[in-house]
Amino acid sequence: MQKRTIFSVQDAVKKVMDYSKTGEIEIVSIEESDGRFLAEDLIADHPVPPFDRSPYDGFAIRAEDSKLASSENPLQFEVIDEIGAGSVSEKKVGSRQAIRIMTGAQIPDGSDAVVMLELTSSITKNGQTFMSIKRAYKQGDNISFKGEDTKKGTVLVKKGMFINPGMIALLATFGYSKVSVAKKPVVGLIATGSELLEVDERLVPGKIRNSNSYMIQSQLKRSGAEPLYLGKLSDDFDQCFSAVEAALKKVDLLITTGGVSVGDYDFLPAIYEKLGANVLFNKIGMRPGSVTTVAEKNGKLLFGLSGNPSACYVGFELLVRPVVRTYLFSEQPHLFKTTAQLKSDFPKANPFTRFVRGSLVFKEGNLFAAPVGLDKSNVVTSLAGTNILIVLPGGTRGYQAGMNVDVILLEDQAGSVWPWQEYSKS
Ligand SMILES: Nc1nc2c(c(=O)[nH]1)N[C@H]1C(S)=C(S)[C@@H](COP(=O)(O)OP(=O)(O)OC[C@H]3O[C@@H](n4cnc5c(N)ncnc54)[C@H](O)[C@@H]3O)O[C@H]1N2
Ligand code: MOO
Ligand SMILES: [Mg+2]
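Residues numbered from 1 in each chain as written. Chains lettered and ligands numbered in written order. Predicted model: local features only at pLDDT ≥ 70, side-chain atom pairs only at ≥ 80, totals over all residues. Heavy atoms only, no water.

**Describing the nonpolar core**
With 44 residues, the main nonpolar core has Ile216, Ile255, Phe281, Phe303, Leu318, Leu319 and Phe355 as its most contacted residues. Among the elements of the structure, helix 1 (9-17), strand 11 (186-192), helix 3 (212-223), strand 15 (253-257), strand 16 (278-281), strand 19 (300-305), helix 6 (309-327) and strand 23 (388-392) are those that each provide at least two residues to this core. The element contributing the most residues to this core is helix 6, with nine residues. Those residues within four positions of Phe281 in sequence are excluded, and the remaining contacts are Phe7, Ala12, Lys15, Val16, Thr292, Thr293, Val294 and Leu319. Residues Leu233, Cys240, Phe241 and Val244 belong to the second largest nonpolar core, which totals 19 residues. (Core = buried A, V, L, I, M, F, W, Y, C linked by side-chain atoms within 4.5 Å. Buried < 20%, exposed > 50% of the residue type's maximum accessible area, 1.4 Å probe, protein only. Helix = DSSP H or I, 4+ residues; strand = E, 2+ residues; numbered from the N terminus. Contact = heavy atoms within 4.5 Å.)

**Things to note about the sheet that holds strand 3 (residues 58-61)**
Two pairing modes exist for strands in a sheet, parallel and antiparallel, and in both the strands are linked by backbone hydrogen bonds. The strand order across the open sheet built from six strands is 6-3-5-4-8-7, with neighbouring strands paired in mixed fashion. Both outer strands of the open sheet, strand 6 (113-116) and strand 7 (120-125), are each paired with one neighbouring strand and no more. Across the sheet, the mean angle from the axis of one strand to that of its neighbour is 40 degrees, orientation sign disregarded. Bridge analysis of strand 3 against strand 6 gives four bridges, and the strand direction is antiparallel. Bridge pairing in strand 6 links Ala60 to Val114. (Pairing = 2+ DSSP bridges. Axes fitted to C-alpha atoms, helices over the stretch in contact; angles between N-to-C directions.)

**Considering the packing of helix 1 against helix 6**
It is the contact of helix 1 with helix 6, at a shortest axis distance of 10 Å, that shows an interaxial angle of 35 degrees. As helix 1 runs across helix 6, the sense of the crossing is right-handed. Counted together, Val9, Ala12, Val13, Val16 and Met17 of helix 1 and Leu318, Leu319, Pro322, Val323 and Thr326 of helix 6 form the full contact between these two elements. (Left-handed = near helix turned anticlockwise from the far one by under 90°.)

**Some remarks on the UniProt feature "domain: MoaB/Mog" (unreviewed entry) in the protein chain**
In the numbering used here, UniProt assigns the "domain: MoaB/Mog" (unreviewed entry) feature to residues 188-326. Each end of residues 188-326 is marked by a C-alpha atom, and these two atoms are 17 Å apart; helix forms 36% of the span and strand 28%. (UniProt positions renumbered as here; feature names shortened; annotations may be inferred.)

**Notes on the environment of Tyr214**
When you line up the elements, Tyr214 lands in helix 3. Counting along the chain gives 15 residues from Tyr214 to Tyr229, while the straight-line C-alpha distance between them is 9.0 Å. If we skip the residues at most four places from it in the chain, Tyr214 touches Glu198 and Val199.

**Examining the sheet that holds strand 19**
Spatial strand order, 14-11-15-19-18-16: six strands in an open sheet with mixed pairing. At either margin of the open sheet sits one strand with a lone partner, and together these are strand 14 (226-233) and strand 16. Direction aside, the axes of adjacent strands within the sheet are offset by 20 degrees on average. Both strand 18 (residues 293-297) and strand 19 contribute to a ladder of five bridges, which runs antiparallel. Paired with Thr293 across the two strands is Gly304, which belongs to strand 19. Lying over the sheet, helix 6 contacts strand 15, strand 16 and strand 19, oriented at roughly 165 degrees with respect to strand 19.

In structure tokens:
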């Protein structure tokens, strides 16, 4: 048996990223663009608002006519027109004239200020309405100016950004009924293991249900990829080899789970060899996920994730996700990292960097990182409550509650450029 060379997390991620590439573009309707990734910069092709408009229901006047108005000296204006949002007055506001205007309507010619309805009183004399005011206004008072929200030509959203509800509002504002989005990379997924049952099968001795396939499909969707589930296979070399070889022709990336360690039925290393694939690494100095193996065949990446659920989960987030996000044009394809206070002691020392499944707790302006469940690579239940990975660099000491630790956010969309310094032994 060959001794495996241990790669640092940093070096492993770098090696994988050397083979990551950007994907293709497709055009979808604005409704379908929700949750996708923008394939070109979103540039304002007109100012917003496109015209000076009223932010209130009230009256458009000439500010200069209001100069002498006060409670002792209310001034009366002749109301010459009325406009709702969407209408444009053909009249020009002249001296001591006003136009009744509603929120969102274009400011009429001649006027340069708006008086809120509540600050006026109106009377009608011989069919003619007059309104009066008790204070002076300055030029520009209560006007929402053309371009005050954004100027024409402003880059509002960069290519590669996740399309959220606010971005949908922008797309609609600028007339994008069709949106150019990144095509989802098709990621093939094969689960290996003779012990695996289908989800709807009853438990029998020695067998467990295949949870990795569903978990990874969900992680793929969260990352923005299109999963192509190719089924689960027994630990049979020929069957697994043919499946991997055939899958490579159909997908942009291929994930297998299980069979990457040193067991008699761990066939992935031999499959990579027979395929003539270039194995980038097969051991990483991290826990869980130390057995995560990545190979490349003609530029296509094959991710051999561990069979152990927590190791599989972590291997995906650290190594597959940034490749998917690069496909989706993200310039910040890695998970976002910040610091938080460790919520409870973590006494177990380990020479490898630990990625402890945890949840972020917000309390009185502070961020806490709470480890969830049992910290073993074969556990599955802790994953449900996981929304962060708590990074505990390898070393001989454990960690105490209250210490500042790095955490990486799993449900954030902004992402990050490569955030991790090398985690050295503490
Ligand atoms: N002698 C050694 N043994 C092991 C080592 C080692 O270095 N030397 N590494 C251990 C570590 S660390 C891990 S992690 C596992 C990795 O195992 P494999 O990736 O080869 O995965 P399998 O052997 O196929 O399965 C491991 C474990 O996971 C369960 N499993 C597999 N597939 C699924 C699935 N789709 N859904 C749910 N659970 C799954 C499987 O039943 C096993 O219990 O190796 C250690 N051993
Ligand atoms: O690959 Mo294993 O998860 O380090 O436990
Ligand atoms: Mg194994």
